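# A structural walkthrough
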Amino acid sequence: MKAFDYIRPNSLEEAGRYFAQGKSVKILGGGATLFLQLQNGELAPDIVMDVKDIPGFRDVRYHHNHGLKLGAAVNLQHLVTGLEIRRHYPLLNQTAHQLASPQIRNRATIGGTLAWASPVSELAASMLCYDAVCHTWRPEGARAIPIGELYLGDFKTALGPDELITHVHLPSFPVRTFGVYQRQTVRHDGRRMIAGAAALAVRKHNALTNWRIAVLGVDDRPKRMPEAEALLAGAPAEEDIEQALAAVQDNIHPQDVVYARADYRRTVLDSLLRRSIQAIIDNLQDYNA
Amino acid sequence: MKHEIRFIINGESRSLTVLSQQTLLEVLREDLGLTSPKHGCSTGECGACSVLLNGEVVNSCMVLAAEVDGADILTVEGLATDDELHPLQKSFIDHHGVQCGYCASGMLISAKALLNRTSRPHEEEIREALVGNLCRCGAYADIIKSIQVASRARR
Amino acid sequence: MISRKPHVIGKPFPLIEAQRKLTGVTCYAGDEKINPDMLHARILFSERPRARFWLRNLDAARNHPGVVALLTGRDVDGRMGHTVADRKLLAVDEALYAGQPLAVIAAETPEIAAEALALIQVDYEDLPATLSIEESLSPGAPAVHPDFMSYRGAEKLNAEPERNIAHALTFVRGDVDQGFAEADVILERTYTAAHLQHAPMETHGGVAQRQPDGSVTMWMHVQAPFLQRSIIAGALGMSPEKIRIITGCVGGSFGGKVFVSIEALLAAIALHTDGRPVRLLLTREEEFKGVFMAPAMRAHIKMGAKQDGRITAIEATYDWDVGASVDAAIFHLQAVTLAGTGPYAIPNVSVRTNAVYTNLLPAAPLRGLGVAQVHWAIEQHVAELAEILNMTALNLRQWNLVKGGDHLFPNFVMHASGLESCGVLAVDAIGWRPETPRPAEENAADASVRPGVGRGMALGWSPIILSDQCGSSVTIRFDRERLCDVVVDGVDIGQGLYAFVTQVISFELNIPVEWITVEPTDTANYAPDWEASYHNLLWSMGHALLRATGEMKKQILSYVAKVWGEPISNLDIVDGEVVSYASRRKLPLLSLLEEGMGEEKSPPSFSVTATYRPSNVDGSIDSLLQSFASTAYAAEVQVNPETGDLTILQLAAAADVGHALNPESVRAQIKGAMIQSVSFTLLEEMVFENGVPISTDFMKYPIATTADMPLQLHPIVVEVPQRSGPYGARDLSHHVQVGAAPAIANAIYRAVGVRIRDLPITAQRIYDALQEKRARESAVR
């Protein structure tokens, strides 16, 4: 790695001062992706800024009305073990179990993972289903970016060069929320993503409302599928599901990669999403029974 | 940039001067002579460099040495006591949980992290806990068995 | 100390090196001689498959502060090779493949070395290249080695350099035309297997140091230090005694650390520095793109059979893409030619294997020696043929199986083997009962199990061939300082060599294990022209050990017999004591070594060196062939018919090892090979883009993790003794790789009715085949 200065500010203001110096600054969360770029020489910043010590960055707060606030430097492992996640955000918890490896989950942070903006981000897909909002800070002030607007496709984000994610907010969800995530990867630990499908719905009386569908691996970013969600409202019949799946196919733009063709990714997504939706419906039936 | 760091390594307190860009792996191996963590890929894929950082398993090739100021670190050198091997080490020996041995340190560390939070893991949990540790000899089945037996013996 | 009983062959024995490996004490390549004064080497690799090139800015790199030496092909213009010198130490003017070394540099720190390398600008002018077997063999293809005939050793090969055939072997028995004429059914198919990587967890590297006398000492963790000594000496134009290689445990080789890749460059740069140790450690990316790959295969099989199930003829062509160098792959060709019919005694045979040059990374044999890929073709072919003949594949196999007494090759008669037992036990382990023949249409789907689930099996046979021109040598010294000190010329690559050596000596000399120390291998202990076996060590080292221990025992007993005045035949060693069955006298060996005995009070010391060298070295096709080892795999898989997604529910492997000397260790090796085979079968493929490897890390070249393991593994040990092998045993490393891929493919066929003939088996390939099948079926309707 090329030489750089490692700094660890204790406040946003201090962080801002480094941005103002005119030097190139890269933010270190858990380093899971930054290290790759430093090692292969893709990045050679003057400053590597570790944001873990900025107040609030490691906070996790849950309130049954206000929802969940996750500090940007909270690691992914917390999504596996955190009691509030396991209880109130089961889809996020289920997804987190499958993310990378314990080594990576212990280091990689929520802010860093979202800012990396991988087109196959499973974390983002799950966050999309929960209507998460990214809160950021830059010297001009703070702003809130809904997660669906954060991603501009192909690893690009709406974040400015001197903008930091401070925390992510997830609204509260009723206890009767079902979520299912399905994926197909070449290697079964999650490497080489072919496609992934997250589905979420809230049980109200004996029906399912608030359907959320998010897909990944089939476009330049993880995406919600509002057209399909609308078709699923209520208690979807088989033909509703078929129509929803067709709507998804109309709204995705998969790319060929070395290990999977675009048409294959479409087929796989269709199969995964069908299973995800069906699992939620089965869940409801189990619940009613 | 230079940093004075102080941390606990295998139960001993150490102070050291490191450069910003030095990784924890580099400092452990080249400066402290702790060579049980191995270089395998430097992309966080293989887990050969795994160490415990404040009780949690991490890839030491993806941690800056400057970051560990104040931390508690364990490598395989600190696993056995003076007169006794750690139950995991014994079990790996008895149950052929090692072939070429290059991944062994990382496997032991991941196993230790698992047993720190789950005293009697079942096979599925062990498989999950090891997905970040590659073994090209394919010794996974015996590694899993070694960990299972060690967890039973430990109580 | 003496309380511990000597070891008994066939009983569990822990791996001697295991404790050191598990306490972090074992030294690997990157752990050698860490010291702040050492220098650090880096290599500049070509980034084009074939190009003229110019290195610009060399002076800037050379004069970069901290750079100690820089070498290009103009400074050291050597050719390397063991049989044929078809590789250059460093390219001069023209690079033949992406990944070919162009320059090597030594500097004070790794960072300086990298900076200096970055200063060198390489200008390329692309030249016509050939990047696949098809391209290389097509008329008018550019010759990869137009000057082949001028290379040292070229005459030893059966080459047609203008057609890019680097070496070819053929084996003919009977008359295939006649055989096909007699056949009722003829089936012809093509099968392929991708380029693989050895991908050891420990990347290539080591430390080298120039000695005051102009020689070089190298600390390198390689599988074949003696072979490397000879190749490096040849490349640098030095005599072998000027090169000393000291090894220790190897962090995985799988064939990738047998032949010289970057090691000669390390020696060269060390010789051009100031005598400080020079360290070279490849990054993972360099390991993927700058060392070796395993050859890709294209097989064309034509098989004819009578309606009753007798196979009358086979015509098989195996083409291997060996990249830009055949030297390391020569030996591989012999193995695949011998195994080329699969384990079947077919009266009319024509097997041809071609090593084909391309402008890709050079190939080196991978564990299994290509025999696994041969079976990928044969064992699917047999299953398909059985279906056409309306019989079960199991029956067809049994009809035609090789049997003890079959005279297979000019100098080789098949011995008793566990081939059939392996098949029965593997199938049984996954709960598959031998079935009765059914009509063809039912054969396609496994009616007895759930939809999308299928079971398949494959047999395997694998020649045990010893390394060419090589042998094994053991020196045992018995004295008061070191007790039983052992020097061997083999290397522990994870197979448990040190444990094996200790086990045999303890058993044969009847002494406690604790007395025995096996020294790390050092080429300085042997004659400069000695070349040691580097695989199938159980066989060659085993024979050497039996000779050495026999001689040692005789020395000890005759010494004691002389003092006691008894005939040697009265004496034996029991639990570390010399005993006389006649006089009932006893003498602990320790007191013999400590105090001596009789008149001569000075304690004795004993020393024995024994070697084993195969006698059947005559250049014929079955030269060096010792035995055939058999295996069988059985698999139960589940396939998602919509997506082709595959899960291996059960995998069984039965291996006939002759005699399991260390049963748990044997089972561990079998399980390891099973998981590695699953990885090769489902995940691995070296991908090139315009001849440049793009599979350069573990994300782009995934290998199996714990998440990819079959849900159930059934390792099975079969023991049909090999009369000529040590203790009736035979080696297992290569042959346990054979049969996994076709067993899985056959299971997929029975699950969803499609055949995958290209490796690796990916979900997308299964999906494509299913789509094709659906299209075919709807066309018929």
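It should be emphasised that the depicted structure is a prediction, and the values quoted were computed from it without experimental measurement. (Residues numbered from 1 in each chain as written. Chains lettered and ligands numbered in written order. Predicted model: local features only at pLDDT ≥ 70, side-chain atom pairs only at ≥ 80, totals over all residues. Heavy atoms only, no water.)

## Some thoughts on the environment of A:Leu123
Residues and elements named next belong to chain A. The condition that has to hold: A helix here means a DSSP run of H or I that spans at least four residues, while a strand means a run of E at least two residues long, and both kinds are numbered starting from the N terminus. In this scheme, a residue with accessible area under 20% of its type's maximum is buried, one over 50% is exposed, and one in between is partly exposed, where area comes from a 1.4 Å probe on protein chains only. The contact rule is simple, with two residues in contact once any of their heavy atoms fall within 4.5 Å.
Its place among the elements puts Leu123 in helix 8 (residues 122-129). Since its relative accessible area comes to 2%, Leu123 is described here as buried. It is 21 Å that separates the C-alpha atoms of Leu123 and Gly160, two residues lying 37 residues apart in sequence. Once residues within four sequence positions are removed from consideration, Leu123 is found in contact with Leu76, Leu79, Leu92, Leu99, Ile110, Thr113 and Leu114.

## Considerations on the environment of C:Pro212
Residues and elements named next belong to chain C. With respect to the helices, strands and loops of the structure, Pro212 is situated in the loop between strand 11 (205-210) and strand 12 (216-220). Looking at Pro212, the relative accessible area reads 85%, which means it is exposed. C-alpha separation for the pair Pro212 and Asp274, spaced 62 residues apart in sequence, amounts to 9.8 Å.

## Thoughts on the pattern of salt bridges
Applicable threshold: Salt bridge, as applied in this entry: a Lys or Arg side-chain nitrogen positioned within 4 Å of an Asp or Glu carboxyl oxygen.
Counted under the stated rule, the structure contains 64 salt bridges over all chains. A:Arg8 is the partner of A:Asp50 in a salt bridge, and the nearest nitrogen-oxygen pair spans 4.0 Å. On the criterion of sequence distance, the pair formed by A:Asp50 in strand 3 (residues 47-50) and A:Arg8 in the loop between strand 1 (5-7) and helix 1 (12-19) is long-range, its members being 42 residues apart. For the salt bridge of C:Asp75 with C:Arg62, the shortest nitrogen-to-oxygen distance reads 3.6 Å. You can see C:Asp75 sitting in the loop between strand 3 (67-72) and strand 4 (79-80) and its partner C:Arg62 sitting in helix 2 (residues 58-63), a full 13 residues away along the chain. Since its relative accessible area comes to 32%, C:Arg62 is described here as partly exposed.

## With respect to the interface of chain C and chain A
To keep it simple, the criterion reads: Two parts placed together each lose some accessible area under a 1.4 Å probe, and adding up what both lose gives the buried area. Two N or O atoms count as a polar contact when they lie within 3.5 Å, although within protein this holds only if one can serve as hydrogen donor and the other as acceptor, and sequence-adjacent residues are included solely when both atoms are side-chain atoms. Nonpolar residues are Ala, Val, Leu, Ile, Met, Phe, Trp, Tyr, Cys and Pro. Charged residues are Asp, Glu, Lys and Arg, and all others, Gly as well, are polar.
Taken residue by residue, the interface counts 21 residues in chain C and 19 residues in chain A. Surface buried jointly by chain C and chain A totals about 1800 Å² across both partners, of which 53% is contributed by carbon and sulfur atoms. The largest contributions to the chain C side of the interface with chain A come from C:Met699, C:Gln764 and C:Tyr767, which together make up 30% of the buried area. Summed over the shared surface of chain C and chain A, the number is one salt bridge. For A:Arg261, the salt bridge goes to C:Asp768, with nearest N and O atoms at 2.7 Å. Scanning the region where chain C abuts chain A turns up nine residue pairs in polar contact (both at pLDDT 80 or more). Its residues assigned to classes, the side of chain C that touches chain A comprises eleven nonpolar, four polar and six charged.

## Observations regarding the domain arrangement of chain B
All names here are of chain B. Selection criterion: Where each domain starts and ends follows an automatic or database-derived domain assignment.
Each assigned domain of chain B is listed here: domain 1 (2-78) and domain 2 (87-154). Distance from the C-alpha centre of domain 1 to the C-alpha centre of domain 2: 21 Å. In this assembly, 15 residues from domain 1 lie in contact with 13 residues from domain 2. The junction of domain 1 with domain 2 conceals about 1100 Å² of combined surface from both sides, 61% of it contributed by carbon and sulfur atoms. Where domain 1 meets domain 2, there are zero salt bridges.

## Here we look at the domain arrangement of chain A
What the domain assignment reports for chain A is domain 1 (5-50), domain 2 (60-170) and domain 3 (177-288). Using C-alpha coordinates to define each centre, domain 1 of chain A is positioned 37 Å away from domain 3 of chain A.

## Here we look at the interface of chain B and chain C
In this complex, chain B contributes 37 residues to the contact, which on the side of chain C involves 54 residues. When the two sides are added together, the surface that chain B and chain C hide from each other amounts to roughly 3800 Å², 60% of it contributed by carbon and sulfur. Of all residues in chain B, B:His96, B:Arg127 and B:Arg136 bury the most surface against chain C, accounting for 23% of the area lost on that side. At the boundary of chain B with chain C, the tally comes to five salt bridges. Between C:Arg279 and B:Glu30 there is a salt bridge, and its shortest N-O distance comes to 2.8 Å. Run the count over chain B and chain C and you get 21 residue pairs in polar contact (both at pLDDT 80 or more). Going through the elements one at a time, helix 1 (24-31), helix 2 (87-94), helix 3 (104-117) and helix 5 (140-154) of chain B are the ones with two or more residues in the side of chain B that touches chain C. Looking at the side of chain B that touches chain C element by element, the count peaks at four residues for helix 5 of chain B.

## A look at the pairing of strand 10 (residues 164-170) of chain A
Residue and element names in this part refer to chain A. Short version of the rule: Note: two strands are recorded as paired if DSSP finds a minimum of 2 bridges between them.
Along strand 10, six of the seven residues are buried, which leaves the element largely enclosed by surrounding structure. In terms of strand pairing, strand 6 (residues 133-138) meets strand 10 through five bridges, oriented antiparallel. Bridge assignment links His135 to a residue of strand 10, and that residue is His167.

## Concerning the sheet that holds strand 6 of chain A
All names here are of chain A. Stated precisely, the cut-off is as follows: Between N-to-C directions, angles cover 0 to 180 degrees, with each direction set by a line fitted to C-alpha atoms, over the stretch in contact for helices.
Here five strands make up an open sheet; going across it, the order is 4-5-10-6-7 and the pairing antiparallel. One side of each edge strand has no neighbouring strand; the edge strands of this open sheet are strand 4 (60-63) and strand 7 (141-146). On average, adjacent strands in this sheet sit at an angle of 20° to one another, irrespective of strand direction. Relative to strand 7, strand 6 runs antiparallel, the two being bridged by six bridges. Paired with Thr136 across the bridge in strand 7 is Arg143.

## With respect to the state of the cysteines
Formally: Note that a disulfide, as used here, is simply two cysteine sulfur atoms within 2.5 Å.
Inspection of every chain in the model, using the stated rule, returns zero disulfides over all chains. Unpaired in terms of disulfides, A:Cys134 finds its nearest cysteine sulfur in A:Cys129, a separation of 16 Å. Summary of cysteine pairing: B:Cys103 is not part of a disulfide, and the nearest cysteine sulfur, belonging to B:Cys135, is at 3.9 Å. Looking at B:Cys103, the relative accessible area reads 10%, which means it is buried.

## Thoughts on helix 3 of chain B
All names here are of chain B. Rule in force here: Take the residue count of a helix, subtract one, and multiply by 1.5 Å to get its expected span.
Between its first and last C-alpha atoms helix 3 spans 20 Å; for 14 residues at 1.5 Å apiece the expected length is 20 Å, and the two agree. The buried fraction of helix 3 is high, at twelve of 14 residues. When helix 3 is considered as a whole, its buried residues turn out to be Ala104, Ser105, Gly106, Met107, Leu108, Ile109, Ser110, Ala111, Lys112, Ala113, Leu114 and Leu115.

## Section: the sheet that holds strand 14 (residues 278-281) of chain C
Pairing between the strands of a sheet comes from backbone hydrogen bonds, and it takes one of two forms, parallel or antiparallel. Residues and elements named next belong to chain C. In spatial order, the strands read 3-7-1-14-11-12-13; together these seven strands make up an open sheet with mixed pairing. Each of the sheet's edge strands pairs with one partner strand only, and the pair in question is strand 3 and strand 13 (243-246). Across the sheet, the mean angle from the axis of one strand to that of its neighbour is 20°, orientation sign disregarded. Where strand 12 lies against strand 13, four bridges are found, and the strand directions are parallel. Each residue of the ladder has a partner; that of Trp219, found in strand 13, is Ile246. With respect to the sheet, helix 3 (residues 110-119) is in contact with strand 1 (39-45), strand 3 and strand 7 (101-107), its orientation differing from that of strand 1 by roughly 30°. Of the strands in this sheet, strand 1, strand 3, strand 7, strand 11, strand 12 and strand 14 are in contact with helix 7 (residues 263-271), which crosses strand 12 at around 140°.

## Some details on the packing of helix 6 (residues 225-236) of chain C against helix 7 of chain C
All names here are of chain C. Here is the rule: To sort the angles, those under 35 degrees are grouped as roughly parallel, those over 145 as roughly antiparallel, those from 65 to 115 as roughly perpendicular, and the leftovers as oblique. The hand of a helix crossing depends on one turn: near helix anticlockwise from the far one by less than a right angle means left-handed, and clockwise means right-handed.
At a closest axis distance of 9 Å, the pairing of helix 6 and helix 7 adopts a crossing angle of 55°. When the axes of helix 6 and helix 7 are compared, the pair comes out oblique. Of the two possible hands of crossing, helix 6 and helix 7 adopt the one that is right-handed. Across from Gln228, Ile232 and Leu236 in helix 6, the residues of helix 7 making contact are Glu263, Ala264, Ala267, Ala268 and Leu271. Partitioning the contact of helix 6 with helix 7 into residue classes produces six nonpolar, one polar and one charged.

## Some remarks on the environment of B:Glu84
Residue and element names in this part refer to chain B. Among the secondary structure elements, Glu84 is positioned in the loop between strand 5 (72-74) and helix 2. Between the C-alpha atom of Glu84 and that of Phe7, which follows or precedes it by 77 residues, the distance is 25 Å. Only 2.9 Å separates the side chain of Glu84 from the side chain of Lys90, close enough to count as a polar contact.

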